[in-house]
Amino acid sequence: MVTLEPIVIDNHTFLAVSVKLPKTNLLAVMSEKGYIMCGALDVALLNEKLRDRGIIAGRAVGVRTIEQLLEAPLESVTYEAEELGITVGMIGRDAMLKMI
């Protein structure tokens, strides 16, 4: 099952995507600029092989819901996310506000 829902953080609307798969969930919250995602995101791939795309993204591990994703500290971020001031350890909610 795939769920798409708008979520509001400090009067800014983002899109939350949840995909229920056997034995796992894929979770992402996105803006027009970038996104945060669960542990399925391969930040090293984005930084190395897809660097020319300039992807702004962060990864949080151990999350099972969108709310947990927003509250979890980011475990890794892309180089482009770092340029926006998004850092490892920043919670997802704060990272999304830097992507507006």
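Scroll up a little and you will see the structure.
Quick caveat, the model's predicted, so the values are computed rather than measured.

S.K.: Can you explain the side chain of Glu-80? Please cite residues and give values.
M.R.: Secondary-structure assignment places Glu-80 in helix α3 (residues 79-83). Salt bridges are absent for the buried Glu-80, whose nearest opposite-charge side chain, Arg-51, sits at 4.2 Å. What Glu-80 contacts, discounting residues up to four positions off in sequence, is Asn-47, Arg-51, Gly-54, Ile-55 and Ile-56.

S.K.: Now, about the pattern of salt bridges: what can you tell me, with residues and values included?
M.R.: In total, this model carries three salt bridges according to the counting rule given. For Glu-75, the salt bridge identified is with Arg-59, shortest N-O distance 3.0 Å. Taken as a pair, Glu-75 in the loop between α2 (66-71) and β6 (76-77) and Arg-59 in strand β5 (residues 56-59) lie far apart in primary sequence, 16 residues in all. A salt bridge links Arg-93 to Glu-71; the nearest nitrogen and oxygen atoms lie 2.5 Å apart. Separated by 22 residues along the polypeptide, Arg-93 in helix α4 (residues 92-97) and Glu-71 in helix α2 bring together distant segments of the chain. On the accessibility criterion, Glu-71 (38% relative accessible area) is partly exposed. A network of salt bridges, in which partner residues are shared, links Glu-67, Glu-71 and Arg-93.

Rules used in this analysis
- Residues numbered from 1 in each chain as written.
- Predicted model: local features only at pLDDT ≥ 70, side-chain atom pairs only at ≥ 80, totals over all residues.
- Heavy atoms only, no water.
- Helix = DSSP H or I, 4+ residues; strand = E, 2+ residues; numbered from the N terminus.
- Buried < 20%, exposed > 50% of the residue type's maximum accessible area, 1.4 Å probe, protein only.
- Lys, Arg positive; Asp, Glu negative; His and termini not counted.
- Salt bridge = Lys/Arg side-chain N within 4 Å of Asp/Glu carboxyl O.
- Contact = heavy atoms within 4.5 Å.

That is the geometry; function is a separate question.
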